[in-house]
Amino acid sequence: MLELARTFHRSLDRLSGPEQAVAKQVVFDYMADPSRPGLSLHRVDRARDKRFWTIRADRDLRVVVLKDGARSLFCWVGHHDEAYRWAENRRFEVHPVTGAAQIVELVEVVREEIRIVERTVARRAPEKPPLFAGEDDVYLLSLGVPEDFVALAKAVRSEDDLLALCERLPEEAAEALLDLHTGGRPAPAPVVAVGDFAMALQHPDARRRFWTTTDEADVARALERPWAEWLVFLHPSQRGAVERNFNGPARVSGGAGTGKSVVAMHRAAELARAAPGGRLMLTTYSKTLAARLSDGMDALLGVASPERGRVEVSHLHAYALAHVSRIAKPTVADGAYIDHLLKEAGRGLEPPFDFAFLRAEWDAVVDFWGLDSFEAYRDVARTGRGLALSPRQRRRLWEVFAAVRQGLAARGMLTFGEVCDALRARIEADGVQPFRHVVVDEAQDLGPRELRLVAALAVPGPRALFFAGDVGQRIFRWPFSWLGAGVDVRGRAQRLKVNYRTTAEIRRFSDRLLPGRIAEVDGELEERGALSVLRGQNPELKPAADLQGEIETLHDWLHRARADGIAPGEIAVLGRTRRAIDERATPALARLGLSGAWLSPDQDTGSDSITLGTLHAAKGLEFRAVAVVACDDGQLPLAAALVAETDPEARRIIEDRELSLFYVGCTRARDRLLVTWSGTPSRFLASAM
Ligand SMILES: Nc1ncnc2c1ncn2[C@@H]1O[C@H](COP(=O)(O)OP(=O)(O)OP(=O)(O)O)[C@@H](O)[C@H]1O
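From a predicted model like this one, the values you see are computed outputs, not experimental measurements.

(A) Spotlight on the overall build of the protein. Across its full length, the protein carries 26 helices and 24 strands. With the principal axes as the frame, the protein shows a C-alpha extent of 90 × 60 × 55 Å. Out of the 689 residues belonging to the protein, those deemed buried represent 56%. Long-range pairs, those at least 24 residues apart, make up 74% of the contacts in the protein with a sequence separation of at least 6. When the accessible area of the protein is evaluated, it comes to approximately 28500 Å², of which 51% is carbon and sulfur surface. Where the 94 positive side-chain charges of the protein centre and where its 97 negative ones centre are 1 Å apart.

(B) Just the site of the ligand, in detail. Every one of the 23 residues lining the ligand counts as a neighbour, but Phe-233, Lys-260, Arg-501, Glu-622 and Arg-668 are closest to it. Separating a nitrogen atom of the ligand from a backbone N or O atom of Phe-233 is a distance of 2.7 Å. In the model, an oxygen atom of the ligand is placed 2.7 Å from a nitrogen or oxygen of the Arg-668 side chain. Its free accessible area being 640 Å², the ligand has 93% of it covered by the protein chains. Counting residues per element, the shell around the ligand draws most heavily on helix 12 (residues 260–274), at three residues.

(C) Summary view of the UniProt feature "domain: UvrD-like helicase ATP-binding" (unreviewed entry) in the protein. Feature annotation in UniProt places "domain: UvrD-like helicase ATP-binding" (unreviewed entry) on residues 233–510, given in this structure's numbering. The distance from the first to the last C-alpha atom of residues 233–510 is 26 Å, and the span holds 49% helix and 12% strand.

(D) Structural view of the pattern of salt bridges. If you walk through the whole model with that rule in mind, you get 60 salt bridges. Among the ionic pairs, Arg-449 bridges to Asp-367, the shortest N-O distance being 2.9 Å. Residue Arg-449 is found in helix 21 (residues 448–457), and its partner Asp-367 is found in helix 17 (residues 355–369); the two are separated by 82 residues along the sequence. A single burial state applies to Arg-449 and to Asp-367, both of which are buried. Residues Glu-658 and Arg-576 are paired through a salt bridge, measuring 2.7 Å at the closest nitrogen-oxygen approach. Residue Glu-658 is found in helix 26 (residues 648–666), and its partner Arg-576 is found in the loop between strand 20 (571–575) and helix 24 (578–592); the two are separated by 82 residues along the sequence.

(E) Quick peek at unusual backbone geometry. Look at the link from Leu-636 to Pro-637: it is a cis peptide, with omega at 0 degrees. When you line up the elements, Pro-637 lands in the loop between strand 23 (623–628) and helix 25 (639–642). Backbone geometry at Asn-247 places phi at a positive 60 degrees, although glycine is not the residue there. Inspection of the secondary structure assignment puts Asn-247 in the loop between helix 11 (236–243) and strand 9 (250–254). The exposure class assigned to Asn-247 is exposed, which follows from its relative accessible area of 57%.

(F) Structural view of the packing of aromatic side chains. One pass over the full model with this rule turns up 16 aromatic pairs. For the pair Trp-362 and Phe-401, a centre-to-centre distance of 6.3 Å together with 35 degrees between the ring planes defines the contact as tilted. Taken as a pair, Trp-362 in helix 17 and Phe-401 in helix 19 (residues 391–410) lie far apart in primary sequence, 39 residues in all. Phe-401 sits in the buried class, given a relative accessible area of 0%. Ring centres of Tyr-377 and Phe-401 lie 5.7 Å apart, and the angle between their planes is 75 degrees; this geometry places the pair in the edge-to-face category. Here Tyr-377 is found in helix 18 (residues 374–379), whereas its partner Phe-401 is found in helix 19, with 24 residues between them in sequence. Members of the aromatic cluster, connected to one another through ring pairs, are Trp-362, Tyr-377, Trp-398 and Phe-401. Positioned above the aromatic ring of Tyr-139 is the side chain of Arg-185, whose terminal nitrogen or guanidinium carbon lies 4.1 Å from the ring centre. Over the aromatic face of Phe-374 sits the side chain of Arg-395, whose NZ or CZ is 4.2 Å from the ring centroid.

(G) Representation of the sheet that holds strand 4 (residues 61–68) within the structure. Pairing is mixed across the open sheet formed by six strands, whose spatial order is 2-3-4-5-1-8. Each edge of the sheet is formed by a strand with only one pairing partner; in this case those strands are strand 2 (41–43) and strand 8 (210–213). The sheet shows a mean angle of 30 degrees between the axes of neighbouring strands, taken without regard to direction. Relative to strand 5 (residues 71–79), strand 4 is paired through eight bridges, and the arrangement is antiparallel. Each residue of the ladder has a partner; that of Asp-68, found in strand 5, is Arg-71. Of the strands in this sheet, strand 1 (2–5), strand 4 and strand 5 are in contact with helix 1 (residues 6–13), which crosses strand 5 at around 25 degrees. Against the sheet, helix 3 (residues 80–88) touches strand 2, strand 3 (52–56), strand 4 and strand 5, its axis set at about 135 degrees to strand 5.

(H) How the structure looks around the sheet that holds strand 20. Pairing within the open sheet is parallel, and its six strands lie in the order 19-24-23-20-22-21. The open sheet is flanked by strand 19 (540–544) and strand 21 (596–598), the only strands paired with a single partner. On average, each strand axis in the sheet is inclined to that of its neighbour by 25 degrees, with strand direction left out of account. Sheet analysis places strand 20 next to strand 22 (residues 610–614), joined by four bridges and oriented parallel. In the sheet register, Gly-575 faces strand 22, and the bridge partner there is Thr-614. Against the sheet, helix 26 makes contact with strand 20, strand 23 and strand 24 (669–678), and its axis sits at roughly 130 degrees relative to strand 24, the strand it touches most.

(I) Examining the packing of helix 17 against helix 21 more closely. Between helix 17 and helix 21, the shortest axis-to-axis distance is 8 Å and the interhelical angle comes to 30 degrees. The angle between the axes of helix 17 and helix 21 places the two elements in the roughly parallel class. Taking contact as the criterion, the partners of Asp-367, Phe-368 and Trp-369 in helix 17 are, on helix 21, Pro-448, Arg-449 and Arg-452. Split by residue class, the contact of helix 17 with helix 21 holds three nonpolar, no polar and three charged.

(J) Fine view of the nonpolar core. Counting 60 residues, the largest nonpolar core has Tyr-377, Leu-397, Phe-401, Leu-408, Val-438, Leu-457 and Phe-467 as its most contacted members. Of the residues forming this core, the biggest block, eight residues, is contributed by helix 17. Grouped together as the second largest cluster of nonpolar side chains are 55 residues, Ala-241, Ala-250, Val-262 and Leu-282 included.

(K) Structural view of the domain arrangement of the protein. Domain boundaries in the protein define domain 1 (2–97 + 199–224), domain 2 (101–188), domain 3 (234–325 + 418–527), domain 4 (331–411) and domain 5 (540–685). Taken over C-alpha atoms, the centre of domain 2 sits 37 Å from the centre of domain 3.

(L) Fine view of the side chain of Gln-238. For Gln-238, the position within the fold is in helix 11. There is a polar contact of 3.3 Å between the side chain of Gln-238 and the backbone oxygen of Thr-258. Discounting chain neighbours no more than four positions away, the residues touching Gln-238 are Thr-258, Gly-259, Val-262, Val-263, Leu-496 and Tyr-500.

(M) How the structure looks around the UniProt feature "binding site: ATP" (unreviewed entry) in the protein. UniProt feature "binding site: ATP" (unreviewed entry): in the numbering of this structure it lies at Gly-254, Gly-255, Ala-256, Gly-257, Thr-258, Gly-259, Lys-260 and Ser-261. With respect to the helices and strands, the residue Thr-258 is situated in the loop between strand 9 and helix 12. Taking relative accessible area as the criterion, Thr-258 reaches 1% and is therefore assigned buried. With sequence-adjacent residues up to four places away left out, Thr-258 is seen in contact with Gln-238, Leu-496, Lys-497, Val-498, Asn-499 and Tyr-500. Note on placement: Lys-260 falls in helix 12. What makes Lys-260 buried here is its relative accessible area of 9%.

Calculation rules
Residues numbered from 1 in each chain as written. Predicted model: local features only at pLDDT ≥ 70, side-chain atom pairs only at ≥ 80, totals over all residues. Heavy atoms only, no water. Helix = DSSP H or I, 4+ residues; strand = E, 2+ residues; numbered from the N terminus. Buried < 20%, exposed > 50% of the residue type's maximum accessible area, 1.4 Å probe, protein only. Contact = heavy atoms within 4.5 Å. Areas by Shrake-Rupley, 256 points an atom, 1.4 Å probe, with all protein chains shown as cover. Lys, Arg positive; Asp, Glu negative; His and termini not counted. Charge placed at Lys NZ, Arg CZ, Asp CG, Glu CD. Near = heavy atom within 4 Å. Polar contact = N/O pair within 3.5 Å; in protein donor to acceptor, adjacent residues only side chain to side chain. UniProt positions renumbered as here; feature names shortened; annotations may be inferred. Salt bridge = Lys/Arg side-chain N within 4 Å of Asp/Glu carboxyl O. Phe/Tyr/Trp six-rings, centres within 6.5 Å; stacked < 30°, edge-to-face > 60°. Lys NZ or Arg CZ within 6 Å of the ring centre and 35° of its normal. Pairing = 2+ DSSP bridges. Axes fitted to C-alpha atoms, helices over the stretch in contact; angles between N-to-C directions. Parallel < 35°, antiparallel > 145°, perpendicular 65-115°, else oblique. Nonpolar A, V, L, I, M, F, W, Y, C, P; charged D, E, K, R; others polar. Core = buried A, V, L, I, M, F, W, Y, C linked by side-chain atoms within 4.5 Å. Domains from an automatic or database assignment.

Here you go:
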């Protein structure tokens, strides 16, 4: 058996490759035989907690373990002096109220450092009352705040100090205090009987920082990528969404960066482990994200394992097209040809039924739902299409859409919606569903035909369907009722609130772009608030007088990022259209002697090029530094997307989608965000500036 702390992963990640190899060898040797004579174990004499020992990995490198009876917890690895200091300044304890295992820094060490922050703040501002002075000690303890930190927490007077303190507290306590500070009333942490070491490690809050396993292959995979903490350590709400049997189609929701893709991957991995006979599918709506999910599944299950062999990771349309092509050879209809047919068939129609109306009606109603007869068009609820139509008007319009459908059929062309329907029809005719479970990421961008296909792909059962998504990031589709498409997820949802990707500063800015509450699928209203414990720079919002000025701003920002050691592969320049990006990024990169590479599914993340991508293509991805360029009036919302749309309801929906795109772009940033525009800024910026 092996017990590993998240702090071990983090410290391992800071070492060089050869040092990591030596440290990992110690872990494997210990796992094989903890009493092996070569492992020279020394008690850390000066540690307050006498259970800390070190193992000598090489001349300089020491691994810190906590020995409690026969059990050993790997806590930290680093150079000799640092390793001893780490152990001397910490203790392992079982929280006296919640029963969760915690590794806590000695309070006197933390107090000393927080005071430093307090002094610099005090010089600038008059003293404010403590943030949590009025809170009851018992309540703070119930949140998981370690006993001897309660007084310190109650003395904190500024947000800076609070954030500094939160970095040193166990995660559940940090998140609860931040929530409390921003007006929430967090519920007490779960309580399990305060028991021994082993019980304390199994507490839900402890499982996000301590990992117990007996499987050497799992350890090898986790230590292979020490930076990928998500492989092993899940937030309790993430774990809940991964493990729970919801007894029906279920979903996990949450703002950007809260780990929905992580939950989708873990859920798929759990199901693959649990269903030796069955295959399962993990699918999404973006090719680049599908590639990332595939890598994630390799990391979780091992590239060549039987479990991995059971998981099909596919872009949904690509999967459907490949399978339909086995029976027929369809050509996917391109947008320009559909435009041509609509114009031809719509000739002679009176206003307001112009080409723009027809195109929107095709996208949002006819092709969206797959209507194939006048009766279906007559009876459909045209959600999101403001203009009401009389039966006569519907009859006349249907003649146009029927002609378009015939035009496509005559050339053997299918829309992607039809490709989905064709595969669904075949599965239903055969009566053999290819998968036992289907897990969908970015599910907010499924249309009804995709949703129905997903439902048809899985053998019906309580765990057949699972969806991860965020309606705040709906960028391809019109809203519709999932219930109307035959999938009922109401009452079976879990919302994630902790942002793992971005700093508090970037998250705050991005969250202000969207309303605080948004109706989820089938009308369930959800609060969007999220927490982020990471700290960093404020986003830079930079106006420019003209294109040249914006290029200059981008150039300076890229130059600084590079000078601060951020590799080109960790930087992205995003925008609404390829042209807008190209006009700004190409000259800025050329002056720096850097190259740019457009986002693609097989892009190597360690590449030497700076990523260029539209906001659509960047969905689901993340970069250390992100510039969202051309955030001006004509680009966000994109004038071309709105210009022809006269219907107020349709305009509102398109505007929402454009706003979501902007939110998607800004939330791709982990550490740094630059937002630039020339001339009049986008109206979307008004709520965030
Ligand atoms: N439990 C965790 N521990 C450490 N890191 C995590 C954890 N969960 C998620 N992360 C990290 O947070 C980042 C965001 O996760 P992920 O992409 O799954 O979020 P998401 O909710 O799908 O985001 P988006 O909706 O913006 O695409 C990733 O870098 C991921 O590795």
